[in-house]
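# Structure assessment
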Amino acid sequence: MAMNDLDEQAVAILRTNDRGGFTVPTARLYPFQWNWDSAFAALGFSTFDLDRAWREIEMLFEGQWPDGMVPHIIFRRDDPDYFPGPSVWGTEAEPPTSGHSQPPVAASVVRMLHDKDGSEAGTGRATALYPKLLAWHRWFHTARDPDGRGVIAVVHPWESGRDNSPDWDAALANVEPTAARSYVRRDTGHVDASMRPTQSDYDRYMSIVDSGRACRWQPACMADTGPFFAADPGITFVLMRADRDLLALAESLDIAEGHEEIADWIARAEAGIDRLWNDAVGGYTALDLKTGKSAGGLSSVAFLAWYAGLVESARADKLADGLRRFLDAAPFAVPSFDPTSAKFDRMRYWRGPVWAVINSLIGRGLAEAGHTKLADRVRRDTRKLIERAGFFEYFDPQTGAGAGGGNFTWTAATWLVWASPSASEV
Ligand code: GLC
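Residues numbered from 1 in each chain as written. Predicted model: local features only at pLDDT ≥ 70, side-chain atom pairs only at ≥ 80, totals over all residues. Heavy atoms only, no water.

## Quick word on the overall build of the protein
Of the regular secondary structure elements, the protein holds 17 helices and ten strands. What you see for the protein is a C-alpha radius of gyration of 20 Å, in line with the 22 Å of a compact globule of 426 residues. Taken along the three principal axes of its C-alpha coordinates, the protein extends 55 × 45 × 45 Å. Here the protein holds 426 residues, and 63% of them are scored as buried. Contacts in the protein between residues far apart in sequence, at least 24 positions, make up 70% of those at least 6 positions apart. (Helix = DSSP H or I, 4+ residues; strand = E, 2+ residues; numbered from the N terminus. Rg over C-alpha atoms; globule rule 2.2 N^0.38 Å. Buried < 20%, exposed > 50% of the residue type's maximum accessible area, 1.4 Å probe, protein only. Contact = heavy atoms within 4.5 Å.)

## So, helix H6 (residues 120-143)
Every α-helical turn comprises 3.6 residues, leaving residues that sit three or four positions apart pointing alike. For H6, spanning 24 residues, the distance from its first C-alpha to its last is 35 Å, which sits close to the expected 34 Å at 1.5 Å a residue. At Tyr 130, H6 is deflected by roughly 30°, the largest bend along its length, and proline Pro 131 occurs up to four residues later in sequence. For H6, the complete set of buried residues consists of Gly 122, Ala 126, Leu 129, Tyr 130, Leu 133, Leu 134, Trp 136, His 137, Trp 139, Phe 140, His 141 and Ala 143. (Expected span 1.5 Å × (residues − 1). Bend = angle between axes of the 7 residues up to and from the residue.)

## Some words on the site of the ligand
Taken together, Pro 25, Tyr 30, Trp 34, Trp 36, Asp 37, Gln 102, Gly 161, Asp 163, Tyr 349, Trp 350, Phe 408 and Trp 410 are the residues near the ligand. Between the ligand and the protein, one listed contact pairs an oxygen atom with a side-chain N or O atom of Asp 37 at 2.6 Å. In this structure, Tyr 349 approaches the ligand through a side-chain N or O atom, which is 3.1 Å from an oxygen atom. Notes on the ligand: free accessible area 300 Å², of which the protein chains cover 96%. The residue makeup of the shell around the ligand, split by class, is eight nonpolar, two polar and two charged. (Near = heavy atom within 4 Å. Polar contact = N/O pair within 3.5 Å; in protein donor to acceptor, adjacent residues only side chain to side chain. Areas by Shrake-Rupley, 256 points an atom, 1.4 Å probe, with all protein chains shown as cover. Nonpolar A, V, L, I, M, F, W, Y, C, P; charged D, E, K, R; others polar.)

## Some words on the state of the cysteines
A full pass over the atoms with the stated rule returns one disulfide. Sulfur-sulfur distance for the disulfide between Cys 215 and Cys 221 comes to 2.0 Å. Across the S-S bond linking Cys 215 and Cys 221, the dihedral sits near -70°, which makes this disulfide left-handed. (Disulfide = S-S within 2.5 Å.)

## Thoughts on unusual backbone geometry
Across the junction of Glu 94 and Pro 95, the peptide omega takes the value 0°, indicating a cis bond. Here Pro 95 lies in the loop between helix H4 (86-89) and helix H5 (106-117). Cis peptide bonds are those with omega within 30 degrees of zero, and the linkage from Ala 333 to Val 334 qualifies with -10°. Tracing the backbone shows Val 334 in the loop between helix H14 (314-329) and helix H15 (356-368). For Trp 217, which is not a glycine, the phi torsion comes out positive at approximately 60°. Considering the arrangement of structural elements, one finds Trp 217 in the loop between helix H10 (199-214) and helix H11 (219-225). Although it is not a glycine, Asp 254 adopts a positive phi angle of roughly 65°. With respect to the helices and strands, the residue Asp 254 is situated in the loop between helix H12 (233-253) and helix H13 (259-272).

## Some points on H15
An ideal rise of 1.5 Å per residue puts 18 Å on 13 residues; H15 measures up with 18 Å between its terminal C-alpha atoms. Among the 13 residues that make up H15, eleven are buried, leaving the element largely enclosed by the rest of the structure. Residues Ala 356, Val 357, Ile 358, Asn 359, Ser 360, Leu 361, Ile 362, Gly 363, Arg 364, Gly 365 and Leu 366 constitute the buried set of H15. Residues of H15 that are buried in the fold lie against helix H2 (35-45), H5, H14, helix H16 (372-389) and helix H17 (409-419). Trailing H15 by a residue or two, Gly 370 shows a phi angle of about 85°, which is positive.

## Overview of the packing of aromatic side chains
Under the defined criterion, the tally for this structure stands at 31 aromatic pairs. Aromatic pair Phe 32 and Phe 75: ring centres 4.8 Å apart, planes at 80°, arrangement edge-to-face. Residue Phe 32 is found in the loop between helix H1 (5-16) and strand E1 (33-34), and its partner Phe 75 is found in the loop between strand E2 (73-74) and H4; the two are separated by 43 residues along the sequence. Here Phe 32 matches Phe 75 in class, with each residue buried. Ring geometry for Trp 355 against Trp 410: centres 6.0 Å apart, planes inclined by 85°, an arrangement best described as edge-to-face. Highlighted residues: Trp 355 in the loop between H14 and H15 and Trp 410 in helix H17, separated in sequence by 55 residues. Under the relative-accessibility criterion, Trp 355 is labelled buried at 3%. On the basis of relative accessibility, which here comes to 4%, the residue Trp 410 falls in the buried class. Positioned above the aromatic ring of Phe 45 is the side chain of Arg 52, whose terminal nitrogen or guanidinium carbon lies 4.2 Å from the ring centre. In this structure, Arg 76 packs its charged tip against the face of Phe 22, placed 4.7 Å from the ring centre. (Phe/Tyr/Trp six-rings, centres within 6.5 Å; stacked < 30°, edge-to-face > 60°. Lys NZ or Arg CZ within 6 Å of the ring centre and 35° of its normal.)

Take a look at the structure:
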């Protein structure tokens, strides 16, 4: 690829955030290996160092639990600058990890790496990863969908990767805040508090961690007795896509194991996704499985339906109308929450800001489904945001200002693989 200045900066960010085979999302604010950040980092590395790209995923799977779960953070070593660290999670895992997972984008990434690689060594690496990916997907389909509804739940807002989204407001309001002990947040020491979750949210996050520890992070205990269990359209769509990619990977690797099982998961999800459709808001929304109540607003992850392969139906048209509404109300696509809602907060993390990685998934799905104009708008805006503001964690959809952490790994990776004029991938 012909590199431009921003390409070079993006490469430098990945190299700087490299901690020897795995990448931190950004120095200080997030000093460990995060699950889906790493998968996106691998895609970024694949544009200039394929070996390093594979290594990122392999190191992520070093944290896999015996039951198949791949944790959302692998700590490896403690860092007093981060809270909550390994002792708070109390998982007894080796290497030390958190106790729940994050959106499973890795299978989709491994498929892309394998397609790109084409060498015997690449086939060997994909073959070694396949059973691990299969075990992780199986874990999601059982641990986080114990009743076989075809929608995937999260036990903590952190598991969704969209910590303070309004999707979780009602379910979180039913969680007793932690009163038992005091703690000191570290995130607001690195980033302005107005761009981070509120204290009231945080007290509830910690309360769920306490209950997870009491359950020894066992899925059945968390689903039955944990204070939070909500179906997430984001993970459900990401997993639906990842299942399709895993099946395609198995076929291209000539591996027979898992075919039927994966096809069943896909069929179950295609039938189950209707449960998340909310006609009042014209989209797929989160569903509190403790109360049966649907979240009353639209998040940008609803627009991952195309990425998940759900392209036919009147619902897809309604969804496209919803996306146009988002885009009409905000100069920069795609706000993480409905910009016409009272809950929209343009600078506060997952309550409004634009996230480049989510844009890349939405844009890819739109392009595949033939919504070329919308796909172009999403990609163009992402490019503009990064060109103007730099490689920030997220962006204000009204002004385009960068927010949160800087020199961010997944923003740099998304630039290289998708948003840069030199990116070859659509
Ligand atoms: C925040 C995000 C999460 C991400 C992590 C590291 O917690 O909500 O999605 O993985 O930061 O970047």
